[in-house]
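# Working through the structure, step by step
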Amino acid sequence: MSDPKQQWTETIEADHSMFDLKLGEVWRYRDLVYMFVKRDFVSSFKQTILGPVWFFINPILTTIVFVVVFGKIAGLSTDGLPQILFYLSGVTLWNYFSTSLTSASSVFTANAAIFGKVYFPRLVMPITIVISNLMRFGVQFLLFLLVWLYYLTKGDITPNVWLLATPLLIILMAAFAMGAGMIISSLTTKYRDLQMLLGFGVSLFMYATPVIYPLSSLSGIWKKIAVYNPLTGIFECFKYGWLGSGDFSPVMLLTSSVIIFVLLATGTVVFNKVEKSFMDTV
């Protein structure tokens, strides 16, 4: 008599190693990733009048506030760069990271209903989140390019070859947000207080990242600590490449890459372990 399993094309089992990430299975569900990304993008503009224009409004208003508060009132340095362009570059990157991190941090609690009804690789959801927000980032990056071209024609900035590293920087930000988000999401299945503290923590983390100030404005122990922030190398490389000024070195970007890789690997393993039993606690 033949083995019953041989009668099925797919076998769903809860008992597997937490190091078995089933990335091949995720690839087979790539059409589902596309459907979720399309759903998220369409739902963002449903019943809105301005549609994608909202993605322009947010960075514009935030940049104006930063220019007034941190540029004019606080008088923070921008390394001699135009204030509008300096703050807009930081806001564009930060919006992508913070939105991706916040969304990925609630994967289990926000999708408990669908997870309990149908099976698909749970890694599909955090992957969907970073891709969906990448589309929003593209719209805001277009705004940055328009402002960047204006100052480039005026001769106020001197970009260099490091701007070609932008795709790598985006991948690193996505990996960081996804890794950290999966760890937080896994912990919040038992400790909901973390979800309450997340917004406050993300706000604090922005001030620990060179978004509103250049790394060159720090000194001593604070600068040494800032270098170990995975986003520091990313933000400084982006500003150095596109704007031509900043305290950047390839070693800084390498440090960020190593930390992010370790964080992503850890987050994926933890996520894979928790997904087998999270329905009992959510």
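For the structure, see preceding data.
Positions within a chain are numbered from 1, following the residues in the order the chain's sequence is written. Totals for whole chains, interfaces and linings use every residue, but because this is a predicted model, local features are given only for residues with pLDDT of at least 70 and side-chain atom pairs only at 80 or more, for both listing and counting. Note: side-chain values were computed over all heavy atoms of the structure, leaving out hydrogens and water.

### As for unusual backbone geometry
- Despite not being glycine, aspartate 79 has its phi angle at roughly 60 degrees, a positive value.
- Note that aspartate 79 resides in the loop between helix H3 (53-73) and helix H4 (83-104).
- Accessibility here uses a 1.4 Å probe with only protein chains present; expressed as a share of the type maximum, an area under 20% marks a residue as buried, one over 50% as exposed, and anything in between as partly exposed. Relative accessible area serves as the criterion here: at 24%, aspartate 79 is assigned to the partly exposed category. A run of H or I in DSSP becomes a helix once it reaches four residues, and a run of E becomes a strand once it reaches two; helices and strands are each numbered from the N terminus.

### Notes on the pattern of salt bridges
- Between Lys or Arg on one side and Asp or Glu on the other, a salt bridge is scored when a side-chain nitrogen of the former is within 4 Å of a carboxyl oxygen of the latter. Per the counting criterion, the structure on display carries two salt bridges.
- Where aspartate 247 meets lysine 223, a salt bridge forms, and the shortest distance between an N and an O atom there is 2.3 Å. Of the two residues, aspartate 247 is situated in the loop between helix H11 (230-243) and helix H12 (250-274) and lysine 223 in helix H10 (residues 220-227); the sequence distance between them amounts to 24 residues.
- The class of aspartate 247 is partly exposed, set by a relative accessible area of 26%.
- On the basis of relative accessibility, which here comes to 26%, the residue lysine 223 falls in the partly exposed class.

### Brief notes about the packing of aromatic side chains
- Stacked, edge-to-face and tilted are the three classes for Phe, Tyr and Trp ring pairs, Trp counted by its six-membered ring, which pair at centre distances within 6.5 Å; planes under 30 degrees apart are stacked, over 60 edge-to-face, the rest tilted. Applying the stated criterion across every chain, the model contains 21 aromatic pairs.
- A centroid spacing of 6.1 Å and a plane angle of 70 degrees characterise the contact between phenylalanine 66 and tyrosine 87, whose relative ring orientation is edge-to-face. On the criterion of sequence distance, the pair formed by phenylalanine 66 in helix H3 and tyrosine 87 in helix H4 is long-range, its members being 21 residues apart.
- The class for phenylalanine 66 is buried, based on a relative accessible area of 10%.
- Measuring from centroid to centroid gives 5.6 Å for phenylalanine 141 and tryptophan 242, while their planes differ by 80 degrees, and the two rings are edge-to-face. Taken together, the residues span a long stretch of sequence, with phenylalanine 141 in helix H7 (residues 124-154) and tryptophan 242 in helix H11 at a distance of 101 residues. Of the two residues examined, phenylalanine 141 and tryptophan 242, each falls in the buried class.

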